[in-house]
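Inside the fold
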There are 4 protein chains.
Amino acid sequence: MIIVMKPNTSEESVKNVLGLIQQRGLETHVSTGEEVTIIGVIGDKQKICSCNLEIAEGVDKIVEVTESYKLSNRKFHPESSVIKAGSTQIGGSEIIIMSGPCAVENEEQVMETARAIKKSGAQILRGGAYKPRTSPYSFQGLEEEGLKIMKTARQETGLSVVCEVTSLAAIESAVKYVDMLQIGARNMQNFYLLKEAGKTGLPILLKRGLSATIDEWLNAAEYIMAEGNPNVVLCERGIRTFETATRNTLDISAVPVIKEKSHLPIIVDPSHATGVRSYVKPLAMSAIAAGADGLMIETHPNPAIALSDGPQSLTFPQFDDLCNDLRPIAKVMNRTF
Amino acid sequence: MIIVMKPNTSEESVKNVLGLIQQRGLETHVSTGEEVTIIGVIGDKQKICSCNLEIAEGVDKIVEVTESYKLSNRKFHPESSVIKAGSTQIGGSEIIIMSGPCAVENEEQVMETARAIKKSGAQILRGGAYKPRTSPYSFQGLEEEGLKIMKTARQETGLSVVCEVTSLAAIESAVKYVDMLQIGARNMQNFYLLKEAGKTGLPILLKRGLSATIDEWLNAAEYIMAEGNPNVVLCERGIRTFETATRNTLDISAVPVIKEKSHLPIIVDPSHATGVRSYVKPLAMSAIAAGADGLMIETHPNPAIALSDGPQSLTFPQFDDLCNDLRPIAKVMNRTF
Amino acid sequence: MIIVMKPNTSEESVKNVLGLIQQRGLETHVSTGEEVTIIGVIGDKQKICSCNLEIAEGVDKIVEVTESYKLSNRKFHPESSVIKAGSTQIGGSEIIIMSGPCAVENEEQVMETARAIKKSGAQILRGGAYKPRTSPYSFQGLEEEGLKIMKTARQETGLSVVCEVTSLAAIESAVKYVDMLQIGARNMQNFYLLKEAGKTGLPILLKRGLSATIDEWLNAAEYIMAEGNPNVVLCERGIRTFETATRNTLDISAVPVIKEKSHLPIIVDPSHATGVRSYVKPLAMSAIAAGADGLMIETHPNPAIALSDGPQSLTFPQFDDLCNDLRPIAKVMNRTF
Amino acid sequence: MIIVMKPNTSEESVKNVLGLIQQRGLETHVSTGEEVTIIGVIGDKQKICSCNLEIAEGVDKIVEVTESYKLSNRKFHPESSVIKAGSTQIGGSEIIIMSGPCAVENEEQVMETARAIKKSGAQILRGGAYKPRTSPYSFQGLEEEGLKIMKTARQETGLSVVCEVTSLAAIESAVKYVDMLQIGARNMQNFYLLKEAGKTGLPILLKRGLSATIDEWLNAAEYIMAEGNPNVVLCERGIRTFETATRNTLDISAVPVIKEKSHLPIIVDPSHATGVRSYVKPLAMSAIAAGADGLMIETHPNPAIALSDGPQSLTFPQFDDLCNDLRPIAKVMNRTF
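Residues numbered from 1 in each chain as written. Chains lettered and ligands numbered in written order. Predicted model: local features only at pLDDT ≥ 70, side-chain atom pairs only at ≥ 80, totals over all residues. Heavy atoms only, no water.

**Examining the interface of chain C and chain D**
What counts, and what does not: In this description, contact between two residues means that some pair of their heavy atoms is separated by no more than 4.5 Å. Here the quantity called buried area is the total loss of accessible area, with a 1.4 Å probe, experienced by two parts when brought into contact, counted for both. Counted as salt bridges are all cases of a side-chain nitrogen of Lys or Arg within 4 Å of a carboxyl oxygen of Asp or Glu. Pairing of N or O atoms within 3.5 Å defines a polar contact, subject to two protein rules: one partner must be a possible hydrogen donor and the other a possible acceptor, and residues neighboring in sequence count only if both atoms are side-chain atoms. Segments assigned H or I by DSSP are reported as helices when at least four residues long, segments assigned E as strands when at least two residues long, and all are numbered from the N terminus. Basically, the charged four are Asp, Glu, Lys and Arg, the nonpolar ten are Ala, Val, Leu, Ile, Met, Phe, Trp, Tyr, Cys and Pro, and anything else, Gly included, counts as polar.
The interface of chain C with chain D comprises 44 residues on the first partner and 43 residues on the second. With both chains or domains summed, chain C and chain D bury close to 3,800 Å², and 52% of this area falls on carbon and sulfur atoms. Taken together, the links from chain C to chain D amount to two salt bridges. A salt bridge links R240 of chain C to E216 of chain D, with the nearest nitrogen and oxygen atoms 2.7 Å apart. Remark: the boundary between chain C and chain D carries 17 residue pairs in polar contact (both at pLDDT 80 or more). When contributions to the side of chain C that touches chain D are tallied by element, the ones reaching two or more residues are α5 (191-199) and α6 (214-225) of chain C. When residues in the side of chain C that touches chain D are grouped by element, the largest group, four residues, is from α6 of chain C. Residues belonging to the side of chain C that touches chain D are distributed by class as follows: 18 nonpolar, 16 polar and ten charged.

**Observations regarding unusual backbone geometry**
What is expected of a backbone is that most residues other than glycine have negative phi and most peptide bonds are trans. Applicable threshold: Buried residues are those whose accessible area, probed at 1.4 Å on protein chains only, stays under 20% of the maximum for their type, while exposed residues exceed 50% and partly exposed ones sit between those limits.
The phi dihedral of N334 of chain A falls on the positive side, at around 60°, and the residue is not glycine. Residue classification places N334 of chain A among the exposed residues on the basis of a relative accessible area of 67%. Positioned with a positive phi, E143 of chain D is a non-glycine residue whose angle comes to about 55°. Judged by relative accessible area, which is 41%, E143 of chain D ranks as partly exposed.

**Quick look at the interface of chain D and chain B**
Taken together, the contact between chain D and chain B spans 26 residues of the former and 26 residues of the latter. Of the roughly 2,000 Å² buried between chain D and chain B, counting both surfaces, carbon and sulfur atoms make up 68%. Linking chain D with chain B are two salt bridges. Our count for the contact surface shared by chain D and chain B stands at two residue pairs in polar contact (both at pLDDT 80 or more). Of all the elements in the fold, those that place two or more residues in the side of chain D that touches chain B are β1 (2-5), β2 (27-32), β3 (37-42) and β4 (59-63) of chain D. Here the side of chain D that touches chain B takes four residues from β2 of chain D, the largest share from any one element. Per-class residue counts for the side of chain D that touches chain B are eleven nonpolar, seven polar and eight charged.

**A look at the domain arrangement of chain A**
The test is simple: Just so you know, the domain bounds were taken from an automatic or database domain assignment.
If you check the domain split of chain A, you get domain 1 (2-63) and domain 2 (74-332). Distance from the C-alpha centre of domain 1 of chain A to the C-alpha centre of domain 2 of chain A: 44 Å.

**Description of the sheet that holds strand β11 (residues 204-207) of chain A**
Residues and elements named next belong to chain A. Defined as follows: Note: two strands are recorded as paired if DSSP finds a minimum of 2 bridges between them. Only the stretch in contact is used when a helix axis is fitted, and all axes are lines through C-alpha atoms; the angle between N-to-C directions ranges over 0 to 180 degrees.
With parallel pairing, the eight strands of this closed barrel are ordered in space as β7-β8-β9-β10-β11-β12-β13-β14. The mean inter-strand angle of the sheet, taken between neighbouring strand axes irrespective of direction, is 25°. Lying over the sheet, helix α6 (residues 214-225) contacts β11, β12 (232-236) and β13 (266-268), oriented at roughly 155° with respect to β12.

Next comes the structure, spelled out in structure tokens:
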């Protein structure tokens, strides 16, 4: 931590700040420049978090020099992590595709989807049983009934299964049926939910919040990991910006940034990022070329009658075409698929 | 709902769309222009939400013409609502000030604060017992112990009391101690929590999410109100933008926009919006002049040692000075305080 | 300037960085912490701008500790500046209102407006003769013809006159007719235009760019002032965010931030910020209560037939009502109007 | 254009609006729904732009159904355009790489760069002679001297040459030396400059503004094309968002969106988008996989001593490595390089 003092601060103010820091058992280094004096603080910054130095007389600003996330930080864990979800390894050499409907509607829809996506090459089935919807009057999901349908599909096809959870009650149900829990964008800073999901020990797919910085996202992963659960997979799904041509703005840079700052795998969801079916394939291609470990792609037997997010869902032939075109890109990236 | 067709769409495609709508028992009006054909849909749009018209052949875009929120909408409730929290009326002629520490630390801190803010004119005591913090290594709050301290302060001073809740467990505790529940910005679209808070019947202070549009915010209020609880007070606390001079960007326009679109009261929190103590007073003045029904202002006996958000907290003399300067502004606005 | 090295950087890398800095005649201070080493650089940072230390081996990040703007910086000019535009003083004890149509359409419109706003209390007439419009097919302004009309209005009413300039040619015309030049939001980083406007010596009204940080805005002012022209007035007019309920988001916090960081006057334009007539008055009230030195408000004799921005223009009775309601707010703020 | 009336609007208000439209020779279609009345307007919307219907009694909102850009719109020009810059075709089957230093510093630097990038496969040399810099105290470019150096490099290597222009004077110089003019992000809505650049007839590389929507960007292209110059190439270079891990946020979705809405070629600049050298290669790969027609990549013989933007510049070996890895991606996309 570095403390930058205001120009022409009195010696007394500098001494006062040094005293506040040293009282907590931390060391200081002072650099006196032509314009400003700078104080470097050495030691465990947890000791100082309750000392609001910003408002001490003469302090101009405080600059953090180390990240607050540790367990998810590549600095302290240089090897890339490979996370196991059911029978699937995420973050290894294989590109992983999670696919399925936005919302589980009935068994027939899910079974048909599971068989189709498996045939095209997907390894994980996704499907929402608890749907966070902007309006209370929109379809909210089949809840436990939906989870049971997902389990049936998993038993029949051998696909691994991931479902979103939105409450402790949903977690308690989901652990009985699925291989991986998803924390959705709107709950990325629902810290209570992160902790409870962490306690299950199941792998967690952590979507980025609509307005979350990458730093906040890795801190959200830290909440899960601090519960003793290292099995976190990150999912970039678009951030909120001024642009309205797409529903959100896919932050493709997040892929190399996460690869540099963290050892956790990262996948990309172009379906929610754009909300438009015709943009899904180019962005899926783009994500793999940027270095992503996998994709989440919405599919539906008949998107025109889907209960949720139909306009961005691919039909099965469209999904099959996408998988075929991804293969050569994966190969160029030295990945299998 | 209006459906805009692409230029030169075939008659067959138009007929297909008309058929899809009419199947659901809705009426249509067709306008054929030089460039495009437009289809107006008349009737309850809930009937059509599962029909993904965006992907029907020939459809260019869908335009919503009515808001999805109803109970919070001024169109259907022209009178401004006045919400009762404990002994306090919010949204009436009186300007309401909620004040207190970001986090409850101990009884002495809270009692001292309660007495000071009451003397200056505040009507409601705020204090966090469950703290949503970006890092899992930051202070997370005293939980039920903190709620008990808040209740003691309420009994002694007669102030009404509001506390943030972050889980069903927290709600179950809080209903025993406080007059009003706060849903924080990070949980604004934690729909499960909104419903559970709604069920308590207690008045709810609903903070705006960091990247929530005003439309989404009113839909979040709708989740609470749809549980039969009309007692919602909105709180603008800054949105996330590119500007870094302040922690968030206070969206002052939200005050007149909410006043136009909704009948619910709105207060403003300049402490969290800016994160900087010296900007709190000018923005508090500004909020009342814009028509806000009240303010939430952080105060602390000794901000320099606060466990959370010290740099934005006012000392008691600063808070007293603010209240004194607010009085003439309130008077100009024909409000009492 | 502070250089933060990566954890476990070799001594050699640190020495290399120290060498690069010392070669340029600057002093260094090194602090070696448990996790990281920090290098403080002392001296004129202009010397080091061409040395891209970010990419030297072992460097984690560079932190600036001083602002790049000097002439507009309050640190080096503690007194608030008062700027003279024609017969009007901006930044003194008087609240200044600039008003008039978005676009000059004809002499009758301008004269009628000038008389009406003067009667209500405005001191400066605004009116666009060169209109930057998103589409090339929208009305682009009367150019020099418009400037002449503005001069006529100034001669008859005694109001000072401000017009936007968008090119060197426009500047060369405008200096013959107006008291103050406006640089619009879209040209805030048109550095060529800033320099040319600076050279005229006329007072410059510098609008904030739609996505400009406050730091960039003050650097734009610096371009003008570096030409020997200290007469800059800043105008906050809304920034671009995700919110669509208003055309832009008025960043009301910019008022106290500018007051702290700079000595230049700041006015607020609620008409362009919101694009909605009914929000203009509450935000105008709010701006004065936040400490702004004045306002820019669009008015038109008949907004329904205005050639540009009619929906946000006030009628004369609406403007008169606004001025009347501003007076008690100005008084509370110890300002005259 | 569609006009949505407020609920329970009087018949008189509806008649008034119909009258305003019909006066201008436009046809109307009225749809009366349960909640609202909708008026469709048929005919040339230019006729109605000066009629501010938003403020007519009873009007709730106006919805545009057609884009304001015509010449750049794929709806009216279904074939993709191929633009010729010097000896290079942009938008055809070949992937085009523009490369070179942010700023021209001296002849040796430029010649060395030109030879190196040509050898690696680049077809166009870029280099800034007029530099728009945030601070007036940063290096501003060699101006005409720099243009001459670029011409020399073109003569020796046969590469085509592109330079940014920032004023009419710069355009007048540049036409003597270069094959293509660049309009930078900060000038994307400097409409005067767009028109002057359009008049030259030279191909124009139009960078997207930091906060420009895709719609505004295509309208900026329209300004150039309306001068009779169809030779526009678009360049996505990152937009401004809340995320600070990268200098800007590369909006990769702009590639498929532009391909759908316009016939103009689009290239991507990952150097300015990220500001970080290690992210340039993954995002370059990603852009080609998304369907971009080319790239702009900063290179420098010795980035550590570059006068501008060194940290994001590639060394020649890094650039060569990037070109080698792009080749198989180009092949997968059925493009040559």
